[in-house]
Structure formats: C-alpha cells, structure tokens
Amino acid sequence: MKNHLIDLNDFSKSHWDEIIALGEKIMDNPHIYEGSCRGSIMGTLFYEPSTRTQMSFQSAMLRLGGGIIGFDNPTASSIVKGESLKDTVKIVSGYSDIMVMRHPVAGSVKAAAMSADCPIINAGDGGHLHPTQTLTDMLTLRKEKGRLNNLKIGICGDLKYGRTVHSLVKALSCYENNSFVFISTDELQMPSYITAPLANHRKSDSLDEVIGELDVLYMTRIQRERFPSEAEYEKQSSRYILDMEKLDKGRSDLIVLHPLPRLNEIAVEVDDDPRALYFKQANYGMYVRMALILIILNYDIEPPVLIKGRVYEGVKCENEKCILQTEPHLKHSFIENSDKTLTCEYCEARK
Ligand code: CP
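The present account deals with the structure reproduced in this document. Since the model is a prediction, treat every value here as computed from it, not as a measurement. (Residues numbered from 1 in each chain as written. Predicted model: local features only at pLDDT ≥ 70, side-chain atom pairs only at ≥ 80, totals over all residues. Heavy atoms only, no water.)

## Focus: the overall build of the protein chain
Inclusion rule: The helix and strand labels rest on DSSP assignments: H or I over at least four residues marks a helix, E over at least two residues marks a strand, and numbering proceeds from the N terminus. The quantity called the radius of gyration is restricted to C-alpha atoms. Its globule counterpart is 2.2 Å times the number of residues to the power 0.38. Any pair of residues with heavy atoms lying within 4.5 Å of one another is described as a contacting pair. Accessibility throughout is a Shrake-Rupley quantity obtained with a 1.4 Å probe, and a residue counts as covered only by protein chains that appear here. Only four residue types enter the tally: Lys and Arg on the positive side, Asp and Glu on the negative side, with His and both chain ends excluded. Think of each charge as sitting on NZ of Lys, CZ of Arg, CG of Asp or CD of Glu.
Counting secondary structure elements, the protein chain contains eleven helices and twelve strands. Scaling as 2.2 N^0.38, a compact globule of 351 residues should have a C-alpha radius of gyration of about 20 Å, and the protein chain matches this with 20 Å. With the C-alpha coordinates aligned to their principal axes, the bounding extent of the protein chain is approximately 55 × 55 × 40 Å. In the protein chain, the proportion of contacts linking residues at least 24 apart, taken out of those at least 6 apart, comes to 69%. For the protein chain, the accessible area works out to roughly 15000 Å², and carbon and sulfur atoms hold 49% of it. Side chains of the protein chain give 41 positive and 48 negative charges; the mean places of these two sets differ by 3 Å.

Structure below.
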C-alpha cells in the first residue's frame, strides 16, 4: 500500500492542514529542508502540457536535494510505440521513489496507482481533479486571508471542464461556513458530482452582480482542449473578463486567484492591483509541493483505499472521457450513493 495522492478527499482534513502548515514552515526557512530528500528520485510523467505543476514539482524536489527523471512529451517516450499506461507506470515506478503524473483522461492517475510500485501524485487527470493545485490554493488562502473557513468564494469561467475548481470545491466545502457562487454560462456549470453533496452554493451568470459580495474571486480559463469542437469553444470564450472596471466593484479585502495559465479572462491591467494574487499563488505552489513530497516520502500515513466500491452486474461507465474506456483490464467499479445512484470509481460520473 502506497501513499498515493489521487483525490485530497481520500485523506482527512488534518492531513491537509499538516501539509499546508509544513509548506508555510518551509517557506519561512527553506534552508532547513535542503537535502531532506537526498538520494530520492522523482519521476514526472506529463502526458499533457504544463508549466507550473511540472516545474514547481521539479524545483521542489531539487531544492530538497533529490533527483528527477521523466518526460513532458510522451511522443519522445516508448508510448509512441504503443506502450500502455499500465506498463509505462510499472516501469517508471521501478526507477523512482515517488511519481507525479498528468494525463488527459479522467481517472487515469487512479488507474496508474494500481500498477505503481511507488507513491504517485495526481497532477491533473483530464477535466476531473487537480489536488495539488488545491493545496496551493489553500496555502494561498491561509497566507492571504488568514483562514480556510467563513469564506464566500466566487468561481468564474469554465466550471465544467476546469479540474482545479472541482478539487477546490470538494476541499473547501469541508470547512465551516464556506459558501460558493458559481459564475458561468449554463453550458459550463459545475458537474453534478461536485454540486450534489454541497449545502451552501448558488449559480449566477453575472460577475458584475456578485463581485461585491465575495471574499475570494477564483477566475478560470475556458479549457479549449476539452471542448468537442472549436465552434463550441468559440461560443463560450471571452464571456467573462475581469478588468479594472469590474474589479472596482469588489471589496478592498477581496482577493483574486487563478490557477493559470490565463488567456483574456483577466485583463493585464488587473495585475498591478494589490488584490491580484495569482502570481504569488503560483509561487506558493512550489512550497506546498515540497511539503507534500517530504510527507509522502518520510511520514507514516494511512494510505488511501483505491477501490472502495464494487462491480454491479451489467453496469458500465459511459463517460467517454473516463479511463475505463481505454484500459480494458480495469473493472467498472461503482460507489452507491444515498439516493441509489452510482458514482464511477474512476471519473466520478453519476448514473
Ligand atoms: N495551474 C496549472 O496546473 O498550471 P500548468 O498547467 O502550467 O501546470
């Protein structure tokens, strides 16, 4: 059993708090932790492009004294010869002490964990989850707002395909008295597996109307690469743009976050406003990833149970973006909800 990080909600809040607190300590005294991972190797398997996640993980491991191997272009690996996800992960995990993986298909990192011989961290699985971005966001909130509870959080843009906001809402809904305003078009609203368990949320299609109520505004990019067609993307792009005129309707203690990269959803003029914290947020990500690597490699944590549900006779996941469609060796396993619907164990699609 390995300390994989597939979904933050596989762990208790006390573990999240421990990672974030260690991230803060590292940020305050980084030299104390130099060499803490000497002799360890991190394998980075990026099947999708990345700047922040990949480089902050690599920088984190190098700052801890460890080494890195991996690829950021799968076509320069034996994947181009047809090697499966299962076999690639089996091999690289034999060369590594810890792995970080990003992949375009939902549930792929959980599938990878099942054949990995070392812990694996989810660096983004399709439009599903991005748990280390959420640790980054939580460290940012703790540093900049001083708390993770009693927050009104507006999340704006592509809530359907944006994996960062799925992980963020799942985590922040576990803290007391947080509420959410989901600001998007009807087509790009949050999936039901995120909203179904939520108590305190509402939808809006107008950033102008709600910005004045918020403690936190979390802007997101429209995820062009996940749309079925360019025409569908064009219909949704440029619908929400935060400029100074809009930001001036926000409170003075509002903070503006964005996982980045941004396109045009935040005007460059906003960058100089003290409420714009997205570049600082990206920097915090390196420290929280240092903390995560240290904890996974060195601490004795109860590992997550990978498969919690079971196979239901004749029931298959029909989400075409789920890893179950491309890895035939995996069983279609589901968790039963209180209303008798089923949640796919890999991509969380409900049926
Ligand atoms: N926030 C984020 O995941 O950025 P990258 O895609 O550059 O890693």
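So that's the structure; there's more coming.
## Topic: the pairing of strand 8 (residues 216-219)
For the record, the criterion: Accessible area is worked out with a 1.4 Å probe on protein chains only. A residue is then buried under 20% of its type maximum, exposed over 50%, and partly exposed in between. The rule for pairing is simple: two strands pair if DSSP sees at least two bridges between them.
Side chains V216 and Y218 of strand 8 all project onto a buried face; the interleaved residues L217 and M219 project onto the opposite face, where all are buried too. Summarising the sheet, strand 5 (residues 152-156) and strand 8 pair through four bridges and their orientation is parallel. Each residue of the ladder has a partner; that of C156, found in strand 8, is M219. As paired strands, strand 8 and strand 9 (residues 255-257) are joined by three bridges and run parallel to one another. Bridge pairing in strand 9 places L217 opposite V256.

## Thoughts on the pattern of salt bridges
Opposite charge on two side chains permits pairing when their charged atoms draw close. Note the threshold: Salt bridge, as used here: a side-chain nitrogen of Lys or Arg that lies within 4 Å of a carboxyl oxygen of Asp or Glu.
Within this structure, the stated rule accounts for 24 salt bridges. Taking the shortest distance from any N to any O, the salt bridge between K110 and E345 comes out at 3.7 Å. Of this pair, K110 sits in helix 4 (residues 108-113) while E345 sits in the segment after strand 12 (342-344); the two residues are 235 residues apart in sequence, bridging distant segments of the chain. E345 carries the same exposure label as K110, and that label is buried. For R275, the salt bridge identified is with D248, shortest N-O distance 3.8 Å. With a gap of 27 residues between them, R275 in the loop between strand 9 and helix 11 (278-298) and D248 in the loop between helix 10 (244-247) and strand 9 connect regions that are remote in the sequence. Taking relative accessible area as the criterion, R275 reaches 11% and is therefore assigned buried. Judged by its relative accessible area of 54%, D248 falls in the exposed class. One network of salt bridges, with partners in common, ties together R147, D215, R251 and D253.

## Observations concerning a nonpolar patch on the surface
How we decide: A patch consists of residues whose relative accessible area exceeds 30% and which take part in no salt bridge; residues with like charges are grouped when within 9 Å of each other, and nonpolar side chains (Val, Leu, Ile, Met, Phe, Trp, Tyr) when within 5 Å.
A cluster of nonpolar side chains, I41, I69, I91 and Y95, forms an exposed patch at the surface whose accessible area comes to about 350 Å². Mapped onto the fold, Y95 is located in helix 3 (residues 85-95). Assessed through its relative accessible area of 54%, Y95 is described here as exposed.

## Side note on the sheet that holds strand 11 (residues 333-336)
Strand order in the open sheet formed by three strands is 10-11-12, and the pairing between neighbours is antiparallel. Of all strands in the sheet, those with a lone pairing partner are strand 10 (310-311) and strand 12, marking the two edges. Pairing of strand 11 with strand 12 involves three bridges; the strand directions are antiparallel. Residue I335 lies in a different strand from strand 12, and its bridge partner there is T343.

## As for the site of the ligand
Going by this rule: Whether a residue is near a molecule or strand depends on its heavy atoms: if one lies within 4 Å, it is near. Identification of polar contacts relies on pairs of N or O atoms within 3.5 Å, with a donor-acceptor requirement for protein atoms, meaning one able to donate a hydrogen and the other able to accept it, and with residues adjacent in sequence counted only if both atoms are side-chain atoms. When residues are sorted by character, Ala, Val, Leu, Ile, Met, Phe, Trp, Tyr, Cys and Pro go into the nonpolar class, Asp, Glu, Lys and Arg into the charged class, and all the rest, Gly among them, into the polar class.
The environment of the ligand is made up of S50, T51, R52, T53, R102, H130, Q133, P259 and L260. A distance of 3.0 Å separates a nitrogen atom of the ligand from a polar atom in the side chain of Q133. For the ligand, the accessible surface in isolation is 260 Å², of which the surrounding protein chains cover 91%. Partitioned by chemical class, the residues of the shell around the ligand number two nonpolar, five polar and two charged.

## Section: the packing of helix 1 (residues 13-28) against helix 5 (residues 131-144)
Here is the rule: Lines fitted to C-alpha atoms define the axes, with helix axes restricted to the stretch in contact, and inter-axis angles between N-to-C directions lie between 0 and 180 degrees. Roughly parallel means an angle under 35 degrees; roughly antiparallel means over 145; roughly perpendicular covers 65 to 115; every other angle is labelled oblique. By convention the crossing between two helices is left-handed if the near helix lies anticlockwise of the far one by an angle smaller than a right angle, and right-handed if it lies clockwise.
At their nearest, the axes of helix 1 and helix 5 sit 10 Å apart, and the two run at 65° to each other. The angle between helix 1 and helix 5 falls in the class roughly perpendicular. The two elements helix 1 and helix 5 meet at a crossing, and its hand is right-handed. On helix 5, the residues that touch W16, D17, I19, I20, A21, E24, M27 and D28 of helix 1 are L135, M138, L139, R142 and K143. A class-by-class count of the residues in the contact of helix 1 with helix 5 yields eight nonpolar, no polar and five charged.

## A closer look at the sheet that holds strand 2 (residues 67-71)
Taken in spatial order, the four strands make up an open sheet running 2-1-3-4, and their pairing is parallel. With one partner strand each, in any of the chains shown, strand 2 and strand 4 (120-125) form the two edges of the open sheet. In this sheet, neighbouring strand axes are inclined to one another by 15° on average, regardless of whether the strands run parallel or antiparallel. Alignment of strand 1 (residues 41-46) against strand 2, held across five bridges, turns out to be parallel. Looking at strand 2, one finds that G43 is bridged to I69. In the packing of helix 2 (residues 52-63) onto the sheet, contacts are made with strand 1, strand 2, strand 3 (98-103) and strand 4, and the angle to strand 1 comes to roughly 175°.

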